[in-house]
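As a plain string of letters, each chain reads:
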Amino acid sequence: MQAYLDNSATTRCLECVTETVMKVMREDYGNPSSLHAKGVEAEKYVKEAKEFFAGNLKVNEKEIYFTSGGTESNNMAIIGAAMANQRAGKHLITSSVEHSSVLNTMKYLEEQGFQVTYLPVDTDGIVCLDALKEALCNETILVSVMYVNNEIGAVQPIDEIARIVRENNPGTLFHADAVQAYGKYRIYPKREGIDLLSVSGHKIHGPKGSGLLYVNEKVKIRPVMFGGGQQRGLRSGTENVPGIAGIAEAAKACYRNLDKETERLYALKERFAEGIRGLEGTKINGKSGRESAPHIVSVSFRDIRSEVLLHALEEKGVYVSAGSACSSNKPSVSRTLQSIGVEKELLESTLRFSFSFETAEEEIDYCLEALSGLLPVLRRYVRR
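Given the structure is predicted, the values throughout are model-derived calculations rather than measurements.

Each helix and strand in the protein chain was counted, giving 12 helices and 12 strands. Scaling as 2.2 N^0.38, a compact globule of 384 residues should have a C-alpha radius of gyration of about 21 Å, and the protein chain matches this with 21 Å. The C-alpha extent of the protein chain, read off along each of the three principal axes, is 65 × 55 × 35 Å. Looking at the protein chain residue by residue over its 384 residues, the buried ones come to 57%.

Another aspect to go through is the sheet that holds strand β12 (residues 350-354). Strand order in the open sheet made by the three strands is β9-β10-β12, with antiparallel pairing throughout. For this open sheet the edge positions go to β9 (282-285) and β12, each flanked by a neighbour on one side alone. Between one strand axis and the next, the sheet turns by 30° as a mean value, whatever way the strands run. As judged from the five bridges shared by strand β10 (residues 296-301) and β12, these two strands associate in the antiparallel manner. Among the inter-strand pairings, valine 297 is bridged to a residue of β12, identified as phenylalanine 353. Taken strand by strand, helix α12 (residues 361-379) contacts β9, β10 and β12, and its axis lies near 20° from that of β10.

Mapped onto the secondary structure, leucine 212 falls in strand β8 (residues 211-215). Leucine 212 sits 33 residues away from valine 179 along the chain, and the two C-alpha atoms are 9.8 Å apart. Look past the residues within four positions of leucine 212 in its chain and what remains in contact with it is Phe53, Tyr65, Phe66, Thr67, Ser73, Leu197, Ser198 and Val199.

Cut-offs used in this document
Residues numbered from 1 in each chain as written. Predicted model: local features only at pLDDT ≥ 70, side-chain atom pairs only at ≥ 80, totals over all residues. Heavy atoms only, no water. Helix = DSSP H or I, 4+ residues; strand = E, 2+ residues; numbered from the N terminus. Rg over C-alpha atoms; globule rule 2.2 N^0.38 Å. Buried < 20%, exposed > 50% of the residue type's maximum accessible area, 1.4 Å probe, protein only. Pairing = 2+ DSSP bridges. Axes fitted to C-alpha atoms, helices over the stretch in contact; angles between N-to-C directions. Contact = heavy atoms within 4.5 Å.

Following this line, the structure appears as structure tokens:
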């Protein structure tokens, strides 16, 4: 038996996605910028994907830009907006628990002369709204806060953040990294006050190397890549047609039965959380119920290093993560766990378990069974 519980790192491509991607690569492989029939065939996939995402997000088609994934979308949004609006001010705001593709982009902009405020969070990972109000000023041109935290599943009060931004400085742009939220929630940027929104394909059973960025048509933004002027000049380069077709197919599948599947996810999450609470020396980080995302659970295991437990589980066919997959090959203490006040001795004893619409109850039960057998054995070898 195997249990793949690392879906926040990446998901398995759905069969319908794989078939669509293969068809485009083998049959409809033209360059969408070409004027001949093969180019028109390829361009049709791009147009249909834009139509779907525009309808799904309730935005205009011209506000959808396809990218290589969440990292590029975040970079495009933050750097592009900062550079285009710096005459109005050079102050940016983000949170202390953002993904590295946001935090490292902010660090880059600090090197370019921008000032960045990093908002604190509470013990559940929720941004301090009073700190946001205090940080906003006439120089603030952009606020970037993730929709769902990728490590502990904290869901930020996006509507409230947008309202505070608008009330305090109507000219400030609001960017939301929705990589862990899209496909789990119905997201309507215009209604929620979001000016820029990032989405990744491989988190929703689509292909790696696919993503999109929503940019409100009123937003001033500069390109960070230059070339042939594709996608209205904001994101030059030949469109990744197989990836675009694949992410659209995946999104359609996710939203087809969203409410029913999300309910099932929450049931799986509660089943897992109940099992974890029954194991000695464990602690769930952040909220574990419906106030948090339906697919992420962060657990600290006292007296066991996360890397040791991760590989012990791997030997039993259980696949999990020690944190954000984007930084897993460069071991470091999680900034998110530090920000929510996790005990020092638990910072390197935490694993992330993440589910998808394909996760089965049997996988949850098998993982819990594996943990119940491994924990007492591994703790015998702890140096006292």
